[in-house]
Each structure stands twice: as C-alpha cells, then as structure tokens.
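# Residue-level structure breakdown
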Amino acid sequence: MPLKLTTSSNASTVQKELQQQLATLDMSICGSCMANANLQSVRESTTKTILQAAKVIFSFSSYVDGKLMARSSGFLIDWDEGSKEGTVLTSARIICSKYTALTQWSGTDEYVPDAEIIAHLLDEDETTVPAILFRYDKHINIAVLKVNLDLCAKIPRFSSDINYGQEILVLGRDERLNMTIAHGCVNFMGPTTYERHHYLFTGCEPSIGGMVIDFDGHVLGMANFPGTAYIPSSIVLKCLDMWKKFQCIPRLHIGMKLSPIKFLDPIHVERIFRKCNIDSGLIVKEVSHGSIAEELGVRPGDVVDSVNGECVATTVELENLIMRICENHLDQGGAIGSCMDILVGILHMRKGRKGPRHTLSLRLNVSDDVEVFISDF
C-alpha cells in the first residue's frame, strides 16, 4: 500500500510539472509594473499598446568561438516585404567584449564586429536565425542588424518630442524571451561626468536595446547602458539618416564635459542668475587635457550658452546640433578627418565671479570614432 501511495504521489508531481510547462499554467513568469496601483486606470489601454509593440521586439545573443559574449533586446524599425529582410535597432553592447563600467569616456571598450549574432524569433518553436551586423557606432553605442523573418505587425512610429516628466514604458525581452516591462518617466536630469552627452534617463530598470515608448505606443528612444539611460529618438533618427547618407556618424570632439543649468534645483538656478545673470546653458564640468578648449582658456565652471549662434540648453540639444553641423560639412564636400571651425559662446567664471563673455573659435576634427576624454585627475 505505501508503495502505491508513493507512486501516486510521484505521478501527481510529474503531472503538475507537465502542466506548468503549458504557457497557460506557467506560474514562473515574473510579474511586471502593470500590476502597480498607479497604473490601474490606464492598464487596459496600455496593455493593448504593449502587446502591439511586443510583436517587433526581439532578443539577440552573440558568440565568439562558440561562447556566449552578450545578450540584448532589439526592435524592428523597417521590413522589406519582398526580401523578408528586417532592420533591427539595438545596442552596440551586443558586440562588446569588454567595457569599462566606471566611465564611458576612457575609450577602452573593445568590440568584436565579426561575432556570431543570433536572433531569437517569436514563433511557437522559438526559432533562431542568424542576424547580420549592418552598422554600429562605438560613441553613440548603437547598432543596426539585418534579420530575415516573416512579419505580421505594424512598425512603430518614432516621436522626437521630449517632455520631461512624461510617463514612459521600457520594453524588452529576458533570457526566456518573455517581455520585460518597466514604468518610469523622462527624468529631469542630464548625464553625469561619467556618461556621454546624448543620453536621457528613465529612472526605471533598463532593458539594454529595448524600446522606450509613451502610453500611445510612440517610440521615444532606445534603452541603453549605463543604468537607466536611453538614447532619445532625435539622436537615433539622426544616426540612421547619417548612416544612410554617409555610411558613418560624423561628430566633433569638443573636449568638454557639460551639465545643463536647466536640470539644477531652482534654488541653484536662481543663485546662478543673481551672480551671473544667466539661467540657461551648459556648465563646463571638466575640460579634456590637451584639447583646443583647454588651450583657449575654457575652465570648469564656465558656461557654454551657444554654438554657431544657436542657444543650447541641454546636452541632447548640443549633440543634435553638432551632428547637424557635421552633416552640413559633409554635404558641402568635407570629409571624415578634415577640420572645421565652430563658434562657441562662453561665459567665463573667474575667482568666484562672473568674468567676460567670449565667442571662441574652436578648430576641430570631423571624426566618426569614439571621443576619448583625458582627465587631469
């Protein structure tokens, strides 16, 4: 009799395990932010938005010599019905074999562009197919892959509008290909001195290479390393356009780490206005050793308020402007490696007081390589 009970118990356990393998009864799936009380009023409509976007969000893994190197999410931005070829936006981390967690400005990250990349499709059998690296940029940390697949989904639309404080969702996929969903907002903050100028921040758990959307499903950017950073759509779209025109992303290495006055506490902004008669612009946090900016007397605490006569209030505005300047330079016959002059409006701060305002002419190289910052400390 005891033997029969044990056999019956074992059979029941096996049956439960088999049931849990069914998608309908799988209780091992982690819950998402959509269960939060503050999202209940929009849960129904937002769930429809998420499920629509999920159809074009994939998982990717990369291998070197058969060993797993990296994983990343990515999402479809174009699809050719005739060739069945899809174009996927993802993070360049998918081909990064070594990265420096402390600062992005060291230039010591290592990439393996010939790594084997596998796309994990969303069919019932979770088919895997090769993904081909089409473009990547080490400075922006962005990559484009080509994948052959069938598609029964609508490609999402990008929105370049930046509304600070706006609620957002970050969508990606985990190792089991399940969706990851995080809720946050466009933070009222800029990059630290360890982060590149082209990032905005969500304040929520990231999914590298994942899609950042608003509640209407518009793509606001791509989630990226580090932390809660994401690349806003205005930068993504400009990169895609430059790749299409020039097969590279030209930039100017300005040799300064900058921080917007706009994101400071109002008490601090008011003090700056009283002391300096300025309430907008980019505070110089550090100047790269040996840079043109250093040679021309730019020092920490100075304020950049314009480039080529255009006011700049955030580092994302600055990055968009610099890429636009480079685009015009190449359109007019310039080339990667050539020099060009830009005019930078600088308010100098000396001995704790407002100094003179100058317009400096910086002669800089047009580069498609990563900017390396050389610090004195």
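Counting of residues starts from 1 at the beginning of each chain's written sequence and follows it residue by residue. Restriction of local features to residues with pLDDT of at least 70 applies here, the model being predicted, together with a cutoff of 80 or more for giving and counting side-chain atom pairs; totals for whole chains, interfaces and linings are based on all residues. The side-chain values count all of the structure's non-hydrogen atoms but skip hydrogen atoms and water molecules.

The name given to the chain in an unreviewed UniProt entry is PDZ domain-containing protein, with Aegilops tauschii subsp. strangulata as the source organism.

Strands qualify as paired when DSSP identifies two bridges or more between them. Every helix listed is a DSSP run of H or I at least four residues long, and every strand listed is a run of E at least two residues long, numbered separately from the N terminus. If you walk across this open sheet you meet the six strands as E10-E9-E12-E13-E14-E11, and the pairing is antiparallel. Two strands lie at the open edges of the sheet, namely strand E10 (179–185) and strand E11 (200–201), each paired on one side alone. Both strand E9 (residues 167–173) and strand E12 (residues 211–213) contribute to a ladder of three bridges, which runs antiparallel. By the bridge assignment for E12, Val170 is matched with Val212.

The next subject is helix H4 (residues 266–276). Along H4, the residues that are buried comprise Val269, Ile272 and Cys276. The buried residues of H4 occupy an angular sector of 60° when projected down its axis, which confines them to one face. Summarising the geometry of H4, the exposed residues directed more than 90 degrees from the buried face are Pro266, Ile267 and Arg274. Every residue pair with non-hydrogen atoms within 4.5 Å of one another is taken to be in contact. Buried residues along H4 sit in contact with strand E17 (282–287), strand E20 (339–350) and strand E21 (353–367). Each polar contact in these results corresponds to two N or O atoms within 3.5 Å; when the atoms are within protein, one needs to be able to donate a hydrogen and the other to accept it, and residues that are neighboring in sequence are counted only if both atoms are side-chain atoms. Its side-chain oxygen at 2.9 Å from the backbone nitrogen of Ile267, Asp265 defines the N-terminal cap of H4. Asn277 lies just past H4 and shows a positive phi near 60°. Here the term buried applies to any residue with accessible area under 20% of the maximum for its type, exposed to any over 50%, and partly exposed to those in between, with areas from a 1.4 Å probe on protein chains only. Think of it as the arc spanned by the lines of direction from the helix axis to the C-beta atoms.

A word on the domain arrangement of the chain. Segmentation of the chain into domains returns domain 1 (52–148), domain 2 (156–246) and domain 3 (251–367). Each domain span listed reflects an automatic or database assignment of domains. When each unit is reduced to the centre of its C-alpha atoms, the spacing between domain 1 and domain 2 is 16 Å. Residue-level contacts link 36 residues of domain 1 with 34 residues of domain 2. Three residues stand out in domain 1 for area buried against domain 2, namely Phe75, Gln104 and Trp105, and they jointly supply 23% of the buried area on that side. What gets called buried area is simply the loss in accessible area from a 1.4 Å probe that two parts show on being joined, summed for both.

Once that is clear, we can look at the pattern of salt bridges. Salt bridges are identified by distance alone: a Lys or Arg side-chain nitrogen within 4 Å of an Asp or Glu carboxyl oxygen. Overall, the coordinates contain twelve salt bridges when judged by the stated rule. With a shortest N-O distance of 3.1 Å, Glu319 and Arg251 are connected by a salt bridge. A residue pair is termed long-range when its members are at least 10 positions apart, and Glu319 in helix H6 (residues 315–331) and Arg251 in strand E15 (residues 251–252) qualify at 68 residues. According to the relative accessible area criterion, Glu319 is buried, its value standing at 1%. Taking relative accessible area as the criterion, Arg251 reaches 3% and is therefore assigned buried.

What follows covers the sheet that holds strand E3 (residues 85–90). Read around the closed barrel, six strands run E1-E2-E3-E8-E7-E6, paired in antiparallel fashion. Shown here is a sheet whose adjacent strand axes are inclined to one another by a mean of 40°, direction ignored. Where strand E1 (residues 57–64) and strand E6 (residues 116–120) come together, five bridges link them in antiparallel fashion. Bridge assignment links Ser62 to a residue of E6, and that residue is Ile117. Axes here mean lines fitted to C-alpha atoms, for a helix over just the part in contact, with angles spanning 0 to 180 degrees between N-to-C directions. The strands touched by helix H3 (residues 233–246) within the sheet are strand E2 (67–80), E3, strand E7 (128–137) and strand E8 (142–148), with E8 carrying the most contacts at an inclination of about 65°.

A few words on the UniProt feature "domain: PDZ" (unreviewed entry) in the chain. With numbering matched to this structure, UniProt assigns "domain: PDZ" (unreviewed entry) to residues 283–322. Regarding residues 283–322, the helix share stands at 30% and the strand share at 30%, and the terminal C-alpha atoms are separated by 17 Å. UniProt positions are given in the numbering used here, feature names are shortened, and annotations may be inferred rather than shown by experiment.

Next up on the list: the packing of aromatic side chains. Side-chain rings of Phe, Tyr and Trp (the six-membered ring for Trp) are treated as a pair once their centres are within 6.5 Å; stacked means planes under 30 degrees apart, edge-to-face means over 60, and tilted covers the remaining angles. Across all of its chains, the model carries six aromatic pairs by this definition. On the numbers, 5.9 Å between centres and 65° between planes, the contact of Trp105 with Phe373 is edge-to-face. Remark: Phe373 occurs in the segment after E21 and Trp105 occurs in the loop between strand E4 (96–98) and strand E5 (110–111); sequence separation between them is 268 residues. Taken as a pair, Trp105 and Phe373 share a single burial class, namely buried. When the ring of Tyr164 is compared with that of Phe188, the centres are 5.6 Å apart and the planes differ by 85°; the resulting orientation is edge-to-face. With Tyr164 in the loop between E8 and E9 and Phe188 in the loop between E10 and E11, this residue pair connects regions lying 24 residues apart in the sequence. Exposure remark for Phe188: the relative accessible area of 47% places this residue in the partly exposed category. By definition, being over a ring means that NZ of Lys or CZ of Arg is both within 6 Å of the ring centre and within 35 degrees of the ring normal. The cationic tip of Arg135 hangs over the ring face of Phe134; the distance from NZ or CZ to the ring centre is 4.7 Å. For the cation-ring pair, Lys146 lies above Phe134, with the distance from its terminal atom to the ring centre recorded as 4.8 Å.

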